[in-house]
Amino acid sequence: MNVKKYQLSIIIIFISAFLFAFSCKNKKSTTNAEKTDLRMDPLKFDYTESYQTLWDTVIKQERNGLYKSALTTVEEIYKSANKDDNSPQIIKSLIYKMKYSSYLEENNFVKSLNELQTVSKTAKFPLKQLVHSITAESFWKYYQQNQWQINSRSYSSDFKNDDITTWDLKTIAEKTTKEYLLSLSSKDSLQHTDIEDFKSILTYIEDTKKFRPTLYDFLAYRSLSFFENTQFNLTKPADFFTLNNNQYFNSVNDFPKLKITTTDSSSNLFFAIKIYQDLTIHQQRTKSKAGIIETSLRRLNFVHNQSNNPENEKFYINALTQLTTQYPNEEEIATIWYEIAKKHNENGNNFNLKTGSNQWEKKKAIDICNTTISKFPESYGAKECRALKLQIETKSMAFEIEKSHRPEAPIQLILKHKNLDQVYFKIVKVDWDYQFKKNYEVVKQLNKLTPVRSWSSKLENKQDYQEHLSNIKTEELPIGKYFILSSSHPDFTDKNEAVAYTNFWVTNISFSTITKRGGKRSEEHT
């Protein structure tokens, strides 16, 4: 197997993803998440040594294609960082060592992974936890790049514990899970370690530290990116873990008290919900309202997406609404209001024209968005609400019309319209063999033709932001080929306006189709 093909892409992903933050049947049981020592003082790591000059040299060497020299410089940084006990620089140099080694040596990926595991065995806090996190990600990225081969592989005598190229899916899944869980070991210390101490290897997005203030927050969310989104295609035990219990929608105050147990030792759902519980307890202790709101929203979305509870929707909306009551004046709550508005809009998409069910759901979404934008105008939630409003308020129209009409018969069509008070029509006549010069400028070309008929029709706009039907009728036309256009603007411009068009014929030619089915003859005239 050629490891070189994918190893470079994995290493590049490490550099972009890790350095970019703020993006058996043994029964497991816990009444609460493990208690955190409230008396513990914040841990402070003084990583003041400057390595910038050396890193500038590395970048210059790389730009000149001098990868061997760059690797030598990185190894120098690695040795100095180990001597200074500088965890951020050790991590950064390890990643770059993997990168440049992949350029210079075939099949180096296995060797690099083994080096990571060797470092994690001897490293101290917090380097150990960071290396475990990188190792876990590397295992899973390897699987994602090679899942076709791995999924068709079974356990064989070629298996080597120190060679990932011989592992089957079960082994990779177990080892990835183990590494992510180890990255969250020494939880008390992680929760008392300021993420600011690692700013030399992190790129901050403005005003996001409040969501990931500690090293624990950072590593927990890295773990969740795996546990939340990954389901192994492996045989499940009879008593596999699920999130169907409505208590997983519990409030911020009640969720940490929930007793979560399972005998399903390989359940990513279990590990994910346990991490959410630990995060909630940690954020309650630190009184991080922004963190609590974000974690609660992610937890509720996660449970909502994974639960098969028949009352899933009701519990989800109730839980979101409860958050807005508990934190009414926090700017971050605007995102919760957006999620509620989005759900109303989704319900509105199921509007039944005959029964009228869900007719006013989109109106509810608009009202929620307006209130949110007014109260938290600069928030991310308000930004999302503006986009949702634009979508709901978009004008649209389409119509259905027969392709051929008799000269003595009026022209009839069914107009589908949304958010329109009035619609404008015009009919233009064209030659039988008329062709468009540019297919992407149809409306522009039709607008250059002189209309043989034009009129407007007032529509009933119920302000429900739903699509409705109207019957439109106009007088008969002489024989010929025509295009009919409808628009929300009298100029028939397609810029920021709704425009629809189609062609039809007026003809006195008719066709007869005779078919026989089951010995019976039927005749159809058009």
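Above this text is the structure in question.
Since we're looking at a predicted model, the values are computed, not measured.

Engineer: Would you mind showing me how to read the packing of helix 2 (residues 52-63) against helix 3 (residues 67-84) here?
Structural biologist: Any two packed helices are characterised by how steeply their axes cross, that is the angle between the axes, and by the distance between the axes. Packing of helix 2 against helix 3 brings their axes to within 8 Å, and their N-to-C directions diverge by 165°. Judged on the interaxial angle alone, helix 3 and helix 2 are roughly antiparallel. Note that helix 2 runs across helix 3; the crossing there is left-handed. Residue-level inspection shows L54, W55, T57, V58, Q61 and E62 of helix 2 in contact with helix 3, the latter providing Y67, S69, A70, T73, V74, E76 and I77. The class makeup of the residues in the contact of helix 2 with helix 3 is 7 nonpolar, 4 polar and 2 charged.

Engineer: Any chance you could explain the sheet that holds strand 9 (residues 480-487) here in plain terms?
Structural biologist: Consider a sheet: its strands pair through backbone hydrogen bonds, and that pairing is either parallel or antiparallel. In spatial order, the strands read 4-10-9-6-7; together these 5 strands make up an open sheet with mixed pairing. Edge positions in the sheet fall to strand 4 (404-405) and strand 7 (451-458), since each of these pairs with one other strand and no more. Across 7 bridges, strand 6 (residues 422-430) lies against strand 9 in antiparallel orientation. The residue bridging Y424 from the neighbouring strand is S487, located in strand 9.

Engineer: Hey, could you run me through the environment of D367 in this one?
Structural biologist: Assignment of secondary structure puts D367 in helix 15 (residues 361-375). Overall, the relative accessible area of 36% leaves D367 in the partly exposed class. Taking the C-alpha atoms as reference, D367 lies 9.5 Å from K389; in sequence the two are 22 residues apart.

Engineer: What is the right way to look at the nonpolar core in this model?
Structural biologist: When a protein is soluble and globular, its nonpolar side chains tend to lie buried together. In this structure, I91, L215, F241, L243, Y248, I273 and I336 are the most contacted members of the largest nonpolar core, which totals 99 residues. If sequence neighbours within four positions are ignored, F241 has contacts with Y248, I260, T261, T262, D264, S267, L269, F270 and I273. Formed by 20 residues, the second largest nonpolar core is a distinct cluster that contains F399, I472, I484 and V506.

Engineer: Hey, could you run me through the environment of N244 in this one?
Structural biologist: Along the chain, N244 falls in the loop between helix 10 (215-227) and strand 2 (260-262). Spatially, the C-alpha atoms of N244 and Q306 are 7.9 Å apart, while their sequence positions differ by 62 residues.

Engineer: It is not clear to me how empty space enclosed by the protein should be interpreted in this structure. Could you clarify?
Structural biologist: Here the largest cavity defines a volume of roughly 70 Å³. Around the largest cavity sit F249, N250, S251, V252, S296, R299, L300, A319, Q322, L323 and Q326, which together line it. Elements supplying a minimum of two residues to the lining of the largest cavity: helix 12 (289-306) and helix 13 (312-326). It is helix 13 that contributes the most residues to the lining of the largest cavity, 4 residues altogether. Here the second largest cavity defines a volume of roughly 40 Å³. Looking at the second largest cavity, the residues that line it are H417, N419, L420, E460, N461, K462, D464, Y465, Q466 and H468.

Engineer: When you look at the packing of helix 2 against helix 4 (residues 87-104) in this model, what are you seeing that I'm missing?
Structural biologist: Axis separation between helix 2 and helix 4 bottoms out at 13 Å; the angle between their running directions is 15°. Relative to helix 4, the element helix 2 is oriented roughly parallel. Remark: the crossing between helix 2 and helix 4 carries left-handed chirality. Packed against helix 2, whose contacting residues are W55, V58 and E62, the element helix 4 presents Q89, K92, S93, Y96, K99 and Y100 at the interface. Here the residues of the contact of helix 2 with helix 4 sort into 4 nonpolar, 2 polar and 3 charged.

Engineer: Where do I start with the pattern of salt bridges in this structure?
Structural biologist: Opposite charge on two side chains makes pairing possible when the charged atoms of those side chains draw close. Taken as a whole and assessed by the stated rule, the structure comprises 19 salt bridges. The partner of K187 in a salt bridge is D278, with the nearest N and O atoms 3.5 Å apart. Of this pair, K187 sits in helix 9 (residues 187-191) while D278 sits in helix 11 (residues 268-286); the two residues are 91 residues apart in sequence, bridging distant segments of the chain. There is no split in this pair, since K187 and D278 are both buried.

About the criteria used
The residue numbering used here restarts from 1 in each chain and proceeds along that chain's sequence as written. Only residues with pLDDT of at least 70 get local features here, since the model is predicted, and only at 80 or more are side-chain atom pairs given and counted; chain-wide, interface and lining totals rely on the full set of residues. No hydrogens and no water enter the side-chain calculation; it runs on all heavy atoms of the structure. In this analysis an axis means a line fitted to C-alpha atoms, helices contributing only their contacting stretch, and an angle means the value between N-to-C directions, from 0 to 180 degrees. In this description a helix means any DSSP run of H or I spanning at least four residues, a strand means any run of E spanning at least two, and both kinds are numbered starting from the N terminus. Note that the term roughly parallel is reserved for angles under 35 degrees, roughly antiparallel for angles over 145, roughly perpendicular for angles of 65 to 115, and oblique for everything else. Should the near helix be turned counterclockwise from the far one by less than a right angle, the crossing is left-handed, whereas a clockwise turn marks it as right-handed. Note on contacts: a residue pair qualifies if any of its non-hydrogen atoms lie within 4.5 Å across the two residues. All residues other than Ala, Val, Leu, Ile, Met, Phe, Trp, Tyr, Cys, Pro, Asp, Glu, Lys and Arg, Gly among them, are scored as polar; the first ten of these are nonpolar and the last four charged. Pairing between strands is defined by DSSP: at least two bridges between them are needed. Exposure classes here rest on a 1.4 Å probe applied to the protein chains alone. A residue is buried below 20% of its type maximum, exposed above 50%, and partly exposed in between. Nonpolar cores are built from buried Ala, Val, Leu, Ile, Met, Phe, Trp, Tyr and Cys residues. Side-chain atoms within 4.5 Å join them into one set. Here a cavity denotes a set of grid points, spaced 1 Å apart and computed over the protein atoms alone, in which a 1.4 Å probe fits but from which it cannot get out, and a pocket denotes an open set meeting protein on both sides within 12 Å along at least five of seven lines; residues with an atom within 4 Å of a point are reported as lining. Grid points are joined across faces, edges and corners, and a volume is the space filled by probe spheres set on the points. When a carboxyl oxygen of Asp or Glu is within 4 Å of a side-chain nitrogen of Lys or Arg, the pair counts as a salt bridge.

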